Amino acid sequence: HTHTHTQSKTRTRTMVQGELKKVVVGGHARADAEGGKQKSDDGMLDEGRGSSPDEGVGKDSASPQRSEVEELWRTTPVDGWAVASSDDSIFRGLYDDTIASVSREVERGRYTAVVEVGCGTGEIIGKVTGAVARYGVDINAAFIASCDSRFAADPHVSFHIADATALEQWWHSRCELEGKDSSAERVLVICTNNTINIMPAAIRSTVVRQMQLTAGKGGRCLITMWSGTHFATGVHGFYKLHPELCGEFDVEKDVDFERRRIVTPIGYESEWSLVDEVKVVMASYDVSMSVEEEGSEAANVIYEKGLGIYVWFESSAI
């Protein structure tokens, strides 16, 4: 599953430079007697949400721009997003490196769980190794159903429809359902592959804050973005090749190379950040970062590798 890139996957993707928007699944929730989960009237899993579709949603949370972005990601077909992680994708190496990086962090033994915000097709959270519980959350019901089927044989991972701007509330409810004390959990919370920059700018700061609150004392967060250094490569080597994701577009009219931003006629938006920009944005969230090399032991660190920017930060940073 903001660095500002608004990719087409109806999910709660999250972060950098604004304040995050709320994604709420439509329909009234009802209890699922078998699994202790909740389902909305249209059958979508909706754990951790109240019976009212407006519960916990601010009056200003449903701006036209946000609604359009959410609808785009909520209705994106699985194949539309899967192209990003396909074997011939320019991002395949970044996916593999992210899986390896998160797995190494898990293997340090600090965490009781891993939660991915905007998990999409499950390519990251479904392949992370380590014997801890893993949870993928997204707003796209088709993505979640696909993940459930794809990773059904793995007892350590589960997938849920949830709101990134109310992640802490969802996590508390999830822990209650599983008989765990959420305050005792040390969670690694991740939001990968430019998901944060896909989200409306107005909700990104909220998503970052929710990630930190969910991580808890002793937890940590990771956000990965697509590096603006390689934006032109992304336009010609990815977007132009995959209209199933972002639609057809005119490079001259719909792409701003100076700002490293693309807005296509179907409403797909994405921005690619530079390291110095990410540092400034994180500072605006009261998270002080240092730019280091990969492998640094600093608590809050940013580094660039390949097509990606990695942003690691502690849960207690704000």
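Residues numbered from 1 in each chain as written. Predicted model: local features only at pLDDT ≥ 70, side-chain atom pairs only at ≥ 80, totals over all residues. Heavy atoms only, no water.

Q: What should I look at first to understand the overall build of the protein chain in this one?
A: Counting its regular elements, the protein chain contains eleven helices and 14 strands. Here the protein chain, with 318 residues, has 55% of them falling under the buried criterion. Element-wise, carbon and sulfur atoms account for 50% of the exposed surface of the protein chain, whose accessible area totals about 12500 Å². (Helix = DSSP H or I, 4+ residues; strand = E, 2+ residues; numbered from the N terminus. Buried < 20%, exposed > 50% of the residue type's maximum accessible area, 1.4 Å probe, protein only. Areas by Shrake-Rupley, 256 points an atom, 1.4 Å probe, with all protein chains shown as cover.)

Q: Explain the nonpolar core here, please?
A: Note on soluble globular proteins: their nonpolar side chains tend to be buried together. In terms of nonpolar packing, the biggest core is built from 48 residues, with Trp81 and Tyr239 touching the most fellow members. For this core, the element with the most residues is helix H3 (residues 92-106), which contributes five residues. Ile196, Ile223, Val281 and Val311 belong to the second largest nonpolar core, which has 35 residues in total. (Core = buried A, V, L, I, M, F, W, Y, C linked by side-chain atoms within 4.5 Å.)

Q: Honestly, helix H4 (residues 141-150) in this entry has me stumped. Any pointers?
A: Each α-helix turn comprises 3.6 residues. Residues three or four places apart therefore point the same way. Of all the positions in H4, only Phe143, Ile144 and Cys147 are classed as buried. Looking down the long axis of H4, one finds its buried residues gathered within 95 degrees of arc, a one-sided arrangement. Taken together, the buried residues of H4 touch helix H2 (78-82), strand S5 (133-138) and strand S6 (157-161). (Arc of directions from axis to C-beta. Contact = heavy atoms within 4.5 Å.)

Q: It is not clear to me how the state of the cysteines should be interpreted in this structure. Could you clarify?
A: Two cysteines whose sulfur atoms are joined by a covalent bond form what is called a disulfide. According to the stated counting rule, one finds zero disulfides in the structure shown. The thiol of Cys147 is unpaired, and the distance to the nearest cysteine sulfur, on Cys119, comes to 4.6 Å. Residue Cys147 is classed as buried on the basis of its relative accessible area of 0%. (Disulfide = S-S within 2.5 Å.)

Q: Please explain the side chain of Arg204 as it appears in this structure.
A: Looking at the secondary structure, you find Arg204 in helix H7 (residues 204-215). Here Arg204 sits buried without a salt bridge, and the closest side chain of opposite charge, Glu271, lies 5.2 Å off (N-O distance). A polar side-chain atom of Arg204 sits 2.7 Å from the main-chain carbonyl oxygen of Met199. (Lys, Arg positive; Asp, Glu negative; His and termini not counted. Salt bridge = Lys/Arg side-chain N within 4 Å of Asp/Glu carboxyl O. Polar contact = N/O pair within 3.5 Å; in protein donor to acceptor, adjacent residues only side chain to side chain.)

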